[in-house]
Structures are given as structure tokens and as C-alpha cells.
Amino acid sequence: MNARSISAGGDTLPFDGLSASRRRAWYVVLMLMCAQIFSYIDRFLPSLMLAPIKADLGLTDFELGLMLGPAFGLFYVFIGVPIGWLADRYSRRALLATGITIWCSMTAAAGFARSYIPLLITRFGVGLGEATVAPCSVSLISDYFDRDRRPRAISLFMAGTFLGAGCAFLLGGPVLHWIGQLTPWVIPGFGEMRSWQMTFLIVGLPGFALAALMFTIREPRRTEQVKRELQADGAGHASTRATLAYMHKRWAAFATLFVGSATVVTMGSLVFWNVALFGRTWGWEVREVGIATGVLFLTGGTIGTLMGIRLSNKWIAEGRRDATLRALWIGLLLAVPGFALYPVMPSAPLAIASLLIAFIGQACAAAAGPVSLTYIAPGQVRSQAIAIYYLVIGVFGQLLGPPPVGLMTDLFGDPGKLRYAMTIEAAVIGTLGVVLVGLGLNRYRSAAEELVELVDARGAAPAHA
């Protein structure tokens with residue numbers, strides 16, 4: 001078998017045949033999935049320590065809400081666009097290594113916070129670092145895998161979302177208990193560290209090893225680039241304005257995908273109310289809710305990811321250009337009823353069963369979203385398109401997620417009616433999303449077919465994995 005090569009930054013990277021190329025590609029997926037897992041552990045870490053942080057720093061619930069929400073979330077999605085611009089031009093592995101170093105440094109630095117403002121700043125830093133993961137990772141995987149194999153690879157990367165969240169909820173309690181039993185550390189010039197400060201420091205440090213491992217990834221040649229329909233500079237790089245113009249011309253296809261993925265994010269945000277829901281309705285303790293949610297993330301996320309891969313591969317084999325978006329739609333058809341019904345179930349076990357179905361559908365749909373974007377976004381703007389995608393679904397997910405549920409509960413005048421507010425939210429937003437995605441499948445399929453024609457017309461070489 002003939003050896004093949006790819007280019008990265010002008011260097012030629014030799015491959016020892018097809019099997020070596022595929023092993024290297026799957027190694028990249030493994031490394032990127034680890035980055036996704038680490039990012040979600042660090043993202044959920046503060047929510048597990050709200051009580052001691054609030055007590056030690058004398059914070060209000062509103063201040064805690066700012067730390068958990070806008071301080072991380074809004075900064076995360078808005079900074080993603082310039083990072084996407086950089087990822088379309090420069091080394092994606094270097095950007096990832098830098099991002100991991102930043103967010104791990106900020107997580108560890110939170111251990112030295114003695115007041116609210118420094119702690120808030122560290123959450124901005126975590127958002128900045130983690131904003132590199134999605135644009136760089138999806139772009140890298142898209143260049144390592146051809147169109148037929150791409151769904152499996154990106155779905156496995158996206159499984160890190162559920163693995164990371166599941167580990168945070170499932171293992172967070174025991175880890176916090178273990179750290180609480182340690183002799184308090186005394187840092188020269190700082191003094192004695194509280195248990196939550198030690199937790200931030202301990203959890204943040206291992207990420208530096210992962211940042212170093214990013215340099216074992218080889219930067220692949222960028223594939224599926226087009227010239228017609230996309231203005232670029234002399235080096236072949238497209239601006240953010242050109243990216244937006246390309247997307248605007250095919251607005252129906254992109255809007256269909258954005259609506260579907262925003263619906264997934266909105267449904268998933270209901271989980272933030274789980275502690276209150278299970279406590280008010282069935283008398284569960286925080287620890288019980290955390291363990292149950294962690295198990296659901298791990299099992300539902302795994303089953304849903306595998307289901308999404310199977311459906312996508314089946315429809316790709318049949319020649320459907322909308323294969324992955326159909327998988328997203330099927331995921332929504334499962335997730336919406338599950339999320340709408342679990343809050344109003346007559347017992348906690350039935351609520352857990354319904355939530356498992358919801359998580360399976362959510363994982364299927366969530367994994368299909370980014371890969372669907374790669375089929376309608378050309379290679380030279382893919383990172384920017386991914387960043388814009390996360391910006392849109394992140395903003396709408398936060399606006400349409402937890403706030404309306406809280407508002408409806410307040411209007412009901414009874415905290416015990418939180419369950420009905422959650423059901424109304426899931427039923428209304430979810431049904432609207434399902435209908436709009438179903439109506440937009442044809443427009444998405446047309447855009448996917450158009451990109452194939454543009455790439456083939458340019459004579460682009462196929463991906464190597």
C-alpha cells in the first residue's frame with residue numbers, strides 16, 4: 001500500500017499506509033474527547049461547592065448566579081467568534097493547548113480567591129480558555145475524517161460532554177468529601193486554604209499535562225475548501241464577513257440547524273432545576289439528585305451517542321445528504337416528550353425513567369449538531385462557522401432555558417409548581433423546534449448537496465482517514 005502524506009504549516013507529514021493514518025486520526029479524537037471531558041468537569045465544578053463558597057465569601061444567590069451563568073456562559077460564546085477566526089488561519093493544536101492552559105490556570109487560581117471579584121474573574125478566564133475547544137476540535141476532526149466517517153468521530157468527541165458532566169456530578173461529591181478530610185494547606189504568603197479552595201487547585205492542575213499532549217497532534221491539511229461563492233484573501237483565508245455572507249445566502253439551511261441545536265440546549269438547561277424539582281416534589285437530598293443525574297448523563301449520553309452514530313451511518317449508506325440532521329431530528333422527537341413529562345411524573349422513579357429517555361434523545365441530537373454543520377460549511381470557514389453556531393445556540397439556550405421557568409414559577413405563586421413550569425417550557429419550545437427542523441430538512445439537504453458540488457468542482461483531494 002502506498003504511503004500518503006498531509007501538509008501542516010508547510011511541512012509534509014508522512015503516513016505509513018492507511019492503518020497508521022486511521023490510528024493517528026482516532027488518537028486525535030481521543031485527545032480531543034479528553035479535552036471536552038476536562039472542560040465540562042471544570043465547568044460544573046463551582047455548582048458543586050456553592051454552599052461553602054457562599055458561606056466563606058458572604059455572597060448572595062444573585063452573585064452566585066452571575067458566577068455560574070453570564071460570567072462563564074456569555075463570555076464563552078462571544079469570545080468563540082474571534083477564536084474561530086484564528087483557528088481558520090493558524091495552528092489549531094496550538095490554540096487548543098493555549099486554551100487548556102488558560103482555563104486550567106484560572107481553575108487553579110480560583111483556589112486563591114478571597115473575595116467575589118477575583119473569583120468572578122477566574123470564571124471569565126475559564127470561559128475564554130474553553131471557547132477554543134469546539135471550533136478547533138470540530139475543524140480538526142473534519143480534516144482527519146472523510147464525509148462518511150465523520151459522524152462517528154465527531155459524535156465520540158461530543159460524548160465528552162456527557163462523560164464530563166456525568167463525572168462532575170457522580171464523582172464530585174466523593175472527591176469533595178475526600179478533600180474535606182485532608183489537613184488544610186498553609187500557603188506561604190496566602191495562609192490557610194479552605195476545602196473549596198483546595199478543590200479548585202487540585203482539579204485545575206492535571207489539565208496542564210493535557211495541554212502538553214495537544215502538541216502530539218499533527219495539524220492536518222485543510223480539506224473541502226471552495227473558491228467560488230466565498231471571497232478570500234491572497235492566502236485563501238475568508239473573513240468573518242465573508243463567512244456570514246456565505247451563511248446568509250443559505251440562511252434557511254443554517255437556521256434549521258441552529259433552531260434544532262438551540263432546542264437541544266434549551267431542553268438540557270432544565271437539568272439545572274433538578275435539585276429544586278426533586279427536593280420540592282419528592283423530598284430528595286442534593287447528594288441523591290447529584291448521583292442520579294450523574295448516572296443518567298453517563299448512561300443516557302452513551303446510548304444516545306451510539307444511537308446517533310448508527311442512524312447517521314445508516315442514512316449515509318443510503319446516500320442521504322441530510323443524514324446527520326435527520327439524526328438530530330429523531331433525537332428531538334425522543335428528548336422533547338421525555339423532558340416535558342419527567343417533571344410531572346407521579347413518582348421519582350418514573351421521573352428518572354422519563355429523564356433517561358430525554359437524555360438519550362438529547363445525546364443523539366447534540367452529537368449530530370456540530371457534524372451537520374461540517375456538511376454545509378466549507379473548510380476554510382469551518383471554525384468560524386462552528387463559533388457562530390455555538391454563539392447562537394448558547395445565547396438562545398440561556399435566554400429560553402432557566403429564566404422563563406423561574407418567571408412562570410413566580411407567577412404561579414407557589415414554589416411547588418416548578419414542575420408545571422418546566423413541563424410548559426419543554427412542551428412549547430420543544431414542539432416548536434421539532435416542527436421547524438422537520439420543515440427545514442429539504443433546505444438543509446440542498447445546501448449539503450451544493451457544498452459537495454462546489455468542492456468536487458474545485459478538485460479538492462479527499463480526507464485521509
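Please read all numbers here as calculations on a predicted model, not as lab measurements.

S.K.: How should I be thinking about the overall build of the chain in this particular structure?
M.R.: On a plain count of helices and strands, the chain comes out with 19 helices and 4 strands. Across the 465 residues that make up the chain, the buried fraction comes to 54%. A separation of at least 24 residues holds for 80% of the contacts in the chain among residues at least 6 apart in sequence. For the chain, the computed accessible surface area is about 19,300 Å², with 66% contributed by carbon and sulfur atoms.

S.K.: Got a minute to help me understand a nonpolar patch on the surface in this structure?
M.R.: A grouping of F412, Y420, I424 and V428 is seen on the molecular surface, where their side chains present a nonpolar patch of about 360 Å² in accessible area. Top element by residues in the nonpolar patch is helix α19 (residues 418–458). It accounts for 3 residues. Within the secondary structure layout, Y420 lies in helix α19.

S.K.: Could you clarify how one ought to interpret the pattern of salt bridges in this entry?
M.R.: Under the definition given, this model contains 12 salt bridges. A salt bridge links E318 to R320; the nearest nitrogen and oxygen atoms lie 3.6 Å apart. Residue E318 is classed as partly exposed on the basis of its relative accessible area, which comes to 46%. Given the relative accessible area of 36%, R320 is considered partly exposed. Here the salt bridges do not stand alone but share partners, grouping R92, D143, E219, R222 and R382 into one network.

S.K.: Just to check I follow, could you spell out the environment of F38 for this structure?
M.R.: In this fold, F38 is placed in helix α1 (residues 17–44). When the C-alpha positions of F38 and A165 are compared, they lie 9.4 Å apart, and in sequence the two are 127 residues distant. Contacts of F38, omitting those with residues within four sequence positions, involve W103, P206, G207 and L210.

S.K.: For this particular structure, what's the right way to read the nonpolar core?
M.R.: Burial of nonpolar side chains together is a common tendency in soluble globular proteins. Ranked by size, the top nonpolar core spans 112 residues in total, and within it L32, M214, F339 and L373 carry the most contacts. Broken down by element, this core gets its largest block of residues, 14 residues, from α19. With residues near it in sequence (within four places) discarded, L373 still touches F254, L257, F258, A385, I386 and Y389. Counting 15 residues, the second-largest nonpolar core is a separate cluster that includes L45, L119, W196 and F200.

S.K.: I'm lost on the packing of aromatic side chains in this one. Help?
M.R.: To describe a pair of aromatic rings, you give the distance between the ring centres and the angle between the ring planes. Under the defined criterion, the tally for this structure stands at 12 aromatic pairs. Here W196 and F200 contribute two aromatic rings whose centre-to-centre distance is 6.1 Å and whose plane-to-plane angle is 85°, an arrangement assigned as edge-to-face. On the criterion of helical spacing, the pair formed by W196 and F200 is a turn pair, its members being 4 residues apart in helix α9 (residues 195–204). Taking the relative accessible area as the measure of exposure, F200 reaches 1% and is therefore buried. Plain terms: the ring middles of F339 and Y342 are 6.3 Å apart, the flat faces sit at 65° to each other, and that makes the pair edge-to-face. Every member of this aromatic cluster is reached through a ring pair, and the members are F162, F297, F339, Y342 and F359. Seen from the ring of F190, R114 lies directly overhead, with NZ or CZ sitting 4.2 Å from the centre. In this arrangement the basic side chain of R250 is found over the ring face of Y246, its NZ or CZ atom lying 3.7 Å from the centre.

S.K.: Quick question: what am I supposed to make of the packing of helix α15 (residues 323–341) against helix α16 (residues 348–374) here?
M.R.: Describing two packed helices takes the angle between their axes plus the distance from one axis to the other. At a minimum axis distance of 7 Å, the contact between α15 and α16 shows a crossing angle of 150°. On the basis of their axis angle, the class for α15 and α16 is roughly antiparallel. Relative to α16, the crossing made by α15 is left-handed.

S.K.: Where do I start with α16 in this structure?
M.R.: Because each turn of an α-helix spans 3.6 residues, side chains separated by three or four positions end up pointing in the same direction. Look at α16: 40 Å from first C-alpha to last across 27 residues, which is about the 39 Å you get at 1.5 Å a residue. A maximum bend of about 25° is found in α16 at A368, where proline P370 lies one to four positions downstream. For α16, the buried fraction is high: 21 of the 27 residues fall into the buried class.

S.K.: Explain empty space enclosed by the protein here, please?
M.R.: One way to see where empty space is left: roll a probe the size of a water molecule over the atoms. According to the stated counting rule, one finds 2 cavities of 30 Å³ or more in the structure shown. Forming the boundary of the largest cavity are Y76, V77, G80, A131, A134, P135, A387, Y390 and L391. For the lining of the largest cavity, the elements supplying multiple residues, two or more each, are α4 (73–87), α7 (133–144) and α17 (382–400). Every residue along the wall of the second largest cavity is listed here: R147, R150, E224, T374, Y375, A448, L451 and V452.

S.K.: Sorry if this is basic, but what is going on with the side chain of D42 here?
M.R.: Its location among the elements puts D42 in helix α1. Within the buried core, D42 has no salt-bridge partner, and the shortest N-O distance to an opposite charge, that of R123, equals 7.1 Å. Among the polar contacts made by the side chain of D42, one reaches the side chain of T107 at a distance of 3.3 Å. Apart from residues no more than four positions distant in its own chain, D42 is found in contact with W103, C104, T107, R123, E130 and V203.

S.K.: Where do I start with the environment of G260 in this structure?
M.R.: Here G260 shows up in helix α12 (residues 251–269). Through-space distance from the C-alpha of G260 to that of W329 is 7.4 Å; in sequence the pair is 69 residues apart. Each residue touching G260, except ones within four places of it in the same chain, is listed here: L328, L332 and V437.

The rules behind these values
Residues numbered from 1 in each chain as written. Predicted model: local features only at pLDDT ≥ 70, side-chain atom pairs only at ≥ 80, totals over all residues. Heavy atoms only, no water. Helix = DSSP H or I, 4+ residues; strand = E, 2+ residues; numbered from the N terminus. Buried < 20%, exposed > 50% of the residue type's maximum accessible area, 1.4 Å probe, protein only. Contact = heavy atoms within 4.5 Å. Areas by Shrake-Rupley, 256 points an atom, 1.4 Å probe, with all protein chains shown as cover. Patch = residues over 30% accessible without salt bridge, like charges linked within 9 Å, V, L, I, M, F, W, Y side chains within 5 Å. Salt bridge = Lys/Arg side-chain N within 4 Å of Asp/Glu carboxyl O. Core = buried A, V, L, I, M, F, W, Y, C linked by side-chain atoms within 4.5 Å. Phe/Tyr/Trp six-rings, centres within 6.5 Å; stacked < 30°, edge-to-face > 60°. Lys NZ or Arg CZ within 6 Å of the ring centre and 35° of its normal. Axes fitted to C-alpha atoms, helices over the stretch in contact; angles between N-to-C directions. Parallel < 35°, antiparallel > 145°, perpendicular 65-115°, else oblique. Left-handed = near helix turned anticlockwise from the far one by under 90°. Expected span 1.5 Å × (residues − 1). Bend = angle between axes of the 7 residues up to and from the residue. 1 Å grid on protein atoms, 1.4 Å probe; cavity = no way out; pocket = protein on both sides within 12 Å on 5 of 7 lines; lining within 4 Å. Points joined across faces, edges and corners; volume = space filled by probe spheres on them. Lys, Arg positive; Asp, Glu negative; His and termini not counted. Polar contact = N/O pair within 3.5 Å; in protein donor to acceptor, adjacent residues only side chain to side chain.

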